[in-house]
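Geometric and topological summary
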Amino acid sequence: MAVEPEHAAVNGRKKPQRPQRTHREVADELRARIRSGVLRPGQRMPTQAQLAAEFGVERQAVRGALRILQSEHLLTNVSKGAPATVADRADRAPAGPAAPPQPTTVALAPRIASAFEAEHVEIDAVCLTAVSLTLAIGEPLRQIYAGRLKPAKVDVRVLLPSRSIDLAFPVPVGGRQGDGDPVHERWLAQRNAQGQVLRHNLLALRATHGIDVRVSFRALPFTPPVKLYLLNNTEALFAYYTVTRSEAQIGEESLPTYDAQGVRSMLFAFERGDGLRDTAFVEQSHLWFNALWETISSELELTD
């Protein structure tokens, strides 16, 4: 199983011109690399000049990004001189009531990786396409193949919208025209493809590592307005799908749509044992998920 890195390493080559990013966007990118393990504890960062060239920004923006990550205790030795160093425990995502909400691309992967340290891994998810979950599973899979993790059992349950319902989003801005709906068909193809990749990559662990793996999908009769990830019955990660107007490129045509960017949704983390409110949220989230799974959801086939 190979997961394409979202960001290539700095190699001195010029990159295509793109809109200049803010220091906060640079910080988000670097934070994601630290959380996912691309940049590991104790590793020296690229120089400020290299980062400025990679992101196409001024060094001032790079310094601002590094100061943000230093304030979050992800970097040490941040100065105008030598490159900064990734902090010793920077790969551990903050948990509990003090943990700030973070974008799904930043927060989900390290929490999934931590969940895979358990002997029996249990992951339940309610989402629109499973894109974020499939990407986040990549890091613990790499660690398993590298011999750093070996759970005995993995159970994954995913609730996704049914193909037969009228989705609330994504939808064309002007509504469906005629019998065909290219926006719905594109969502369905993405849902099926992501689910198939997720299932294939996890089930492969049976043959390669002798891990007892079960992956199940069921269909919801509605469009989930939120996404929820439940990890090992101890954590609940919750985010709103915020619908915005955007342009969908389908074939040669650009269609205005109402859609939500799930990978950018801000995840709020709740952990059992971190106070009565967090514990109650985790417990109620499990009750809610199980009720949907056992009652109004139906069998889901990841086929065209």
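Okay, so let's go over this structure. (Residues numbered from 1 in each chain as written. Predicted model: local features only at pLDDT ≥ 70, side-chain atom pairs only at ≥ 80, totals over all residues. Heavy atoms only, no water.)

**What about a nonpolar patch on the surface?**
On the surface, Tyr240, Met266 and Phe268 cluster together into a nonpolar patch covering about 300 Å² of accessible area. Tracing the backbone shows Tyr240 in strand E9 (residues 235–240). (Patch = residues over 30% accessible without salt bridge, like charges linked within 9 Å, V, L, I, M, F, W, Y side chains within 5 Å. Areas by Shrake-Rupley, 256 points an atom, 1.4 Å probe, with all protein chains shown as cover. Salt bridge = Lys/Arg side-chain N within 4 Å of Asp/Glu carboxyl O. Helix = DSSP H or I, 4+ residues; strand = E, 2+ residues; numbered from the N terminus.)

**Focus: the sheet that holds strand E6 (residues 171–172)**
With antiparallel pairing, 3 strands are arranged side by side in an open sheet as E6-E11-E10. Edge strands, defined here as strands with exactly one partner in the open sheet, are E6 and strand E10 (243–250). Two elements, E6 and strand E11 (residues 253–260), share 2 bridges in a ladder whose sense is antiparallel. The residue of E11 that forms the bridge with Pro172 is Thr257. Sheet strands touched by helix H6 (residues 182–209): E6, E10 and E11. Its angle to E10, the strand with the most contacts, is close to 90°. (Pairing = 2+ DSSP bridges. Contact = heavy atoms within 4.5 Å. Axes fitted to C-alpha atoms, helices over the stretch in contact; angles between N-to-C directions.)

**Section: the side chain of Thr104**
Mapped onto the elements of the fold, Thr104 is located in helix H4 (residues 104–115). A residue is classified by how much of its surface remains accessible, and Thr104, at 2% relative accessible area, is buried. Residues in contact with Thr104, not counting those within four places in the same chain, are Ser132, Lys227, Tyr229, Gly262, Val263, Arg264, Ser265 and Leu267. (Buried < 20%, exposed > 50% of the residue type's maximum accessible area, 1.4 Å probe, protein only.)

**Description of the layout of surface pockets**
One number sums up the size of the second largest pocket: a volume of about 350 Å³. Surrounding the second largest pocket, 19 residues form its lining, Thr129, Val131, Gln190, Ala260 and Gly262 being those nearest its centre. Counting only elements with at least two residues in the lining of the second largest pocket, the list comes to helix H5 (131–145), H6, strand E8 (226–231) and E11. (1 Å grid on protein atoms, 1.4 Å probe; cavity = no way out; pocket = protein on both sides within 12 Å on 5 of 7 lines; lining within 4 Å. Points joined across faces, edges and corners; volume = space filled by probe spheres on them.)

**Quick word on the pairing of strand E4 (residues 120–126)**
Counting buried positions over the 7 residues of E4 gives 5, a clear majority of the element. Relative to strand E5 (residues 153–161), E4 runs parallel, the two sharing 7 bridges. Across the sheet, the residue bridging to Val126 is Leu159, located in E5. Taken together, the 4 bridges between E4 and E8 define a ladder with antiparallel strand orientation.

**A look at the pattern of salt bridges**
Counted under the stated rule, the structure contains 7 salt bridges. Two residues, Arg33 and Glu54, come together in a salt bridge whose shortest N-O distance is 2.8 Å. Remark: Glu54 occurs in helix H2 (residues 48–55) and Arg33 occurs in helix H1 (residues 23–36); sequence separation between them is 21 residues. As far as burial versus exposure is concerned, Arg33 and Glu54 are alike and both buried. In this structure, Arg214 engages Asp155 in a salt bridge whose closest nitrogen and oxygen atoms are separated by 2.7 Å. Note that Arg214 is positioned in strand E7 (residues 212–220) and Asp155 in strand E5, a separation of 59 residues in sequence.

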